Amino acid sequence: MQFVDEALITVAGGRGGDGVVAWRREKYVPKGGPAGGDGGRGGDVVLEANPELGTLIDFRFKKHFGAEAGRPGSTSNKSGRSAEDLVIPVPLGTLVYRLADGTPEFFVGDLSAARQRLRVARGGRGGLGNQHFATSSRQAPRFAEKGEPAEAYTLRLELKLLADCGIIGLPNAGKSTLLAAVSAARPKIADYPFTTLEPQLGVVRLAPEESFVMVDVPGLIEGAHAGSGLGDRFLRHVERTRVLVHLMDGTHDVSDILDAKRTVERELELWNPALATRATLPVITKLDLPEAREHFETLRSDVAGLRGISAATGEGVRDLLYAVYQTIREAPAPQLPKVDTPRFILTPKEPFDIEIAEDGAYVITGERVERLAAMTDFDSDEALARFEAVLAKIGVERRLRELGARDGDTVRIAGNEFVYS
Ligand SMILES: Nc1nc2c(ncn2[C@@H]2O[C@H](COP(=O)(O)OP(=O)(O)OP(=O)(O)O)[C@@H](O)[C@H]2O)c(=O)[nH]1
Ligand SMILES: [Mg+2]
């Protein structure tokens, strides 16, 4: 069983609806003023944490998600309808990263609370209708703005599976042996301490609808909370469980067993005081060995709720699993450590860049100019004039001159070619 579930998906917001060119119609007025409505907003793509989902497996089959575009505006200054957001359910605990060629991935957010939402791609805003472009010198603008292109990203989703039950105890207590006996997990088992180096997950199935996830962590030793034996790396997995099974090696002397129990309890509490009150089932292991059975009989009167099991013969194991299952159903969900979800960060507006291509053309790139180009209807001379006016205003014109552009040179922006003049 995989510990981390992953998926790559693409998300695209909906493009904004186009603004339109229209004129007011009034009685006795041959042609009224501009009355073209604005386009509607394109939909955002939003992830929503759904506690009923357990894996990211659905994303193996559906990987591409696009929100609807906004509708174009219409006459009489009527705006187009905005599109609904596209809401994609993901399991609780999903981490979201954004990928981009050649740059490290960017952490977008963590969906750690039920129904929490995270916007992962913004829809485009609607283009403005011609009503907005009237000025005293241009009373009849015959152009409108096109809808804004939307954001589109490739995301990596990562799900850290949450275990319901943690198996804890000193090294060599028999934790991995128990996990292997009750699940399909195949952790390494050996007669020496620190056999297990990474947490191992297994799904325990009691009946078709009754299952839980168990995590077997490396043995806890004194100082684990401060990092000894890599304790700090796996104690956080234990932290998220609803019930703990505390295994004690029955072959040890009675006084050593009690010492071990206190050591483990202290380490848990030092790591997180909430663990001191977590439901815990104390269990003596290796009951098939005579000395273990003897120690178990002695300890029963001292340790409340003590159970005995043998993972080798299966004795007591079924009862233990049902007790674990019952406790999980009754236990409250553990308080997860709070993760601050960063607010959605918009792609920064970069200033434009001008490069001279091999054929001598000036190639202008940059989010703002490319967006402006995408929203301009180049079939309209007036729209083109406005486009040039904006370029001049943000300094593109001056920079071209500085670079030596002359009349007749080619200028390229986002796939459109212009003649410099
Ligand atoms: N006789 C007997 N031996 C057992 C039983 N459970 C575990 N063992 C043995 O105890 C030794 C340690 O078992 P593991 O399951 O590797 O112990 P662990 O707690 O996972 O150990 P670490 O990963 O090192 O912390 C192995 O030699 C097992 O075969 C049992 O029920 N009966
Ligand atoms: Mg182990």
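Residues numbered from 1 in each chain as written. Chains lettered and ligands numbered in written order. Predicted model: local features only at pLDDT ≥ 70, side-chain atom pairs only at ≥ 80, totals over all residues.

### Section: the environment of A113
Piece 1. Relative to the elements of secondary structure, A113 occurs in the loop between β6 (103-111) and β7 (117-121).
Piece 2. For the pair A113 and H225, spaced 112 residues apart in sequence, the C-alpha to C-alpha distance is 26 Å. (Helix = DSSP H or I, 4+ residues; strand = E, 2+ residues; numbered from the N terminus.)

### Some remarks on the site of ligand 1
Piece 1. In the neighbourhood of ligand 1, 24 residues make up the surrounding shell, with G174, S176, D191, T196 and G219 lying closest.
Piece 2. Considering each element in turn, the shell around ligand 1 owes the most residues, three residues, to helix α1 (residues 175-182).
Piece 3. When its residues are assigned to classes, the shell around ligand 1 shows 10 nonpolar, 10 polar and four charged. (Near = placed C-beta within 6 Å. Nonpolar A, V, L, I, M, F, W, Y, C, P; charged D, E, K, R; others polar.)

### Some remarks on the domain arrangement of the chain
How big an interface is tends to be expressed through the accessible area that disappears when the partners come together.
Piece 1. Entries for the chain in the domain assignment read domain 1 (4-160), domain 2 (165-330) and domain 3 (353-419).
Piece 2. Between domain 1 and domain 2, the C-alpha centre-to-centre distance is 50 Å. (Domains from an automatic or database assignment.)

### A closer look at the pairing of strand β2 (residues 45-50)
Piece 1. Side chains of β2 alternate between two faces, with V45, L47 and A49 buried and V46, E48 and N50 left unburied.
Piece 2. Where β2 lies against strand β4 (residues 86-91), six bridges are found, and the strand directions are parallel. Residue pairing across strands places L47 opposite I88, the latter belonging to β4.
Piece 3. The pairing of β2 with β7 spans four bridges and is classified as antiparallel. Looking across to β7, one finds that L47 is bridged to L118. (Buried ≥ 20, exposed ≤ 12 C-beta atoms within 10 Å, placed from the backbone. Pairing = 2+ DSSP bridges.)

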